[in-house]
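Structural description and commentary
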Amino acid sequence: MSANSYETVDVVVIGGGPGGATAASTIAAEGRSVLLLERSPFPRFHIGESLLPYMAGVLEQMGLLEPFADNGYVPKCGAEFTDGTGSFRRVSFEDQGPGRHHQTFQVERAHFDNALLEHAREAGAQIRNPAPVDELIVQDGRVVGVRYRYEGETREVRAQYVVDASGRSGKVAQTFGLRRSVDQLRMVAIYRHFTGLNEAANPGERGDIQIGNHKDGWVWAIPVWEDTISIGTVMHKDTFRRHGEPEQIFDEHRARIPRIAQRLEGTEPSTKIRIETDYCYLSDQIAGPGWLMVGDAGCFVDPIFSGGVYLAMVSGREAGRTVAAALEHPSRTEQLQASYESFYKTGYDTYFRLIRGFYDYKFNFGQYREDLPDFIEERHVSLLLAGDFWSQGNALARYLKSERRWDTFAPFEYFYGCPVYPDLELLERVETGV
């Protein structure tokens, strides 16, 4: 390709993670030409291995639930909240009630993400990786393409839309200065995998995620294969700065949670220590002339309730539908993008509030539950932890939205209508009169 030539496609997707792969497969399924550019060779390691139950509904809608269920992923039916004393409380996803999936998966992201990327390829998207994007091409205030590197060459591609699913690198947010940190959630995560797992040592339910709180933060335990478990320790940035070396902090913090320590008996580390710092941020603008952000490119929230993959895939699918509709009906572009922004922000706002509430109650889920109003039922807790972020009928979600101290985004209009169980959500809204 000469220096003055460029490719042309309908849509460029930056990033091949769950959000980008889902956006690309959605757009390609509409018969549009899609070029997905991913900077890293796949498969690659990634954190965020625990899926929400609503993810089972998303995968079912995509025709992937049955094949993914055959991949040997660990079934997840609940979440255990525990502490340094050994006390615990389990949230069962059966408490959601009938009509919804009560089981999801714990996954190894390298395997899971690669399968989603292959699904996008099978849907008709063109995939290039490793193909890092160097810059956006902007003309008259509109994003019209990108410059990227592939097979030793710098290339240029023009498109009617660019979907940014580039995660923390956030090509659009960085280009236009849209990202701001969430100071209340300036956290650090230290994590690694362990092998030799024997769930007979687990004092809780087989396959459950464990979240263990202590005075300086919390610890996760997620079985990603039958013999492998992911352990992470999360703390405020100031705590990380004050205490020792990362591996020392990691070992000391995970040992504070007796039920997680018991589950780890007989295991050995199988990956190096990894660290993520200062990772909570958001953008108040999610769509603009020629572009939309998906998943972590626009917003990243603390991983305590495992909503990241779900939010990425649901926003990726909605972004794909929005772009396909805008290409079909250019006169409706502004309306479609405004609706997408409301959808995106509603999901992330609900998730932010759930986490802020949890932290404000000193990492104690039991106390958090006791402090809630009486009209909030176990079912509402189970539903929200399962992914019920767009429901107007969920009493816990309504309560969280009423707390001004947990406001995060600039004021916006909420979008109501569940993307996974729309008929059930509408029925419950009618039944509750909201």
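Quick summary incoming for the structure in this document. Think of each chain on its own: its residues are numbered from 1, step by step along the sequence as written. Two thresholds apply to this predicted model, a pLDDT of at least 70 for residue-level local features and 80 or more for giving and counting side-chain atom pairs, whereas whole-chain, interface and lining totals are computed over all residues. Where side-chain values are given, they derive from all heavy atoms of the structure, hydrogens and water being excluded.

Description of the environment of Glu-60
The condition is simple: Only DSSP runs of H or I reaching four residues or more are called helices, and only runs of E reaching two or more are called strands; each is numbered from the N terminus. Only heavy atoms matter for contacts: two residues are in contact if any of them lie within 4.5 Å across the pair. In protein, a polar contact means a hydrogen-donor-capable atom and an acceptor-capable atom, both N or O and within 3.5 Å, with residues adjacent in sequence counting only if both atoms are side-chain atoms; elsewhere, any N or O pair within 3.5 Å suffices.
Locating Glu-60 in the fold gives a position in helix H2 (residues 53-61). Once the C-alpha coordinates of Glu-60 and Val-420 are considered, the two residues, 360 residues apart in sequence, prove to be 9.4 Å apart. Other than its neighbours up to four places away in sequence, Glu-60 contacts Leu-65 and His-101. In terms of polar contacts, Glu-60 uses its side chain to reach the side chain of His-101, at 3.0 Å.

Considerations on empty space enclosed by the protein
Selection rule: A cavity here means a set of points on a 1 Å grid, drawn over the protein atoms and nothing else, where a 1.4 Å probe fits but cannot get out; a pocket is an open set with protein on both sides within 12 Å along at least five of seven lines, and a residue lines either one if it has an atom within 4 Å of a point. Grid points are joined across faces, edges and corners, and a volume is the space filled by probe spheres set on the points.
In total, this model carries two cavities of 30 Å³ or more according to the counting rule given. Counted as a void, the largest cavity has a volume near 80 Å³. Forming the walls of the largest cavity are Leu-52, Lys-76, Ala-79, Phe-81, Phe-93, Ile-209, Ile-211, Ile-304, Phe-305, Ser-306 and Leu-385. Mapped onto the lining of the largest cavity, the elements with two or more residues apiece are strand S4 (78-83) and strand S13 (209-214).

Section: the environment of Asn-394
Operational definition: Categorising residues by exposure relies on relative accessible area from a 1.4 Å probe, with only protein chains included: less than 20% of the type maximum marks a residue as buried, more than 50% marks it as exposed, and the intermediate range marks it as partly exposed.
The residue Asn-394 is located in the loop between helix H12 (378-386) and helix H13 (395-402) in this model. Judged by its relative accessible area of 2%, Asn-394 is buried. Taking the C-alpha atoms as reference, Asn-394 lies 32 Å from Glu-276; in sequence the two are 118 residues apart. Ignoring sequence-local partners within four residues, the contact set of Asn-394 consists of His-380, Leu-383, Leu-384 and Asp-388. A distance of 2.9 Å separates the side chain of Asn-394 from the backbone nitrogen of Leu-396, its partner in a polar contact.

Quick notes on the sheet that holds strand S11 (residues 179-181)
Selection rule: Being paired, for any two strands, means DSSP has found at least two bridges between them.
Across the sheet, which stays open at both edges, the three strands sit in the order S11-S18-S21 with antiparallel pairing between neighbours. Only two strands of the sheet have a single neighbouring strand rather than two, namely S11 and strand S21 (299-300).

Regarding the pairing of strand S2 (residues 34-37)
Of the two faces of S2, the one lined by Val-34 and Leu-36 and the one lined by Leu-35 and Leu-37 are each fully buried. Bridge count for strand S1 (residues 7-14) against S2 is four bridges, and the pairing is parallel. Counted as the bridge partner of Val-13 is Leu-36 from S2. Bridge count between S2 and strand S7 (residues 126-128): three bridges; the pairing is parallel.

With respect to the packing of aromatic side chains
What counts is decided by this rule: Pairs were defined over the aromatic rings of Phe, Tyr and Trp, the Trp ring being its six-membered one, requiring ring centres within 6.5 Å. Orientation was assigned from the angle between planes: stacked under 30 degrees, edge-to-face over 60, tilted for the rest.
Counted under the stated rule, the structure contains 25 aromatic pairs. Ring plane angle 65° and centroid distance 5.7 Å describe the contact between Tyr-310 and Phe-389, whose orientation is recorded as edge-to-face. In this pair, Tyr-310 is assigned in helix H9 (residues 308-328) and Phe-389 in the loop between H12 and H13, connecting sequence segments 79 residues apart. Joined through ring pairs, the aromatic side chains of Tyr-54, Tyr-310, Phe-343, Tyr-351, Phe-389, Trp-390, Phe-415 and Tyr-421 make up one cluster.

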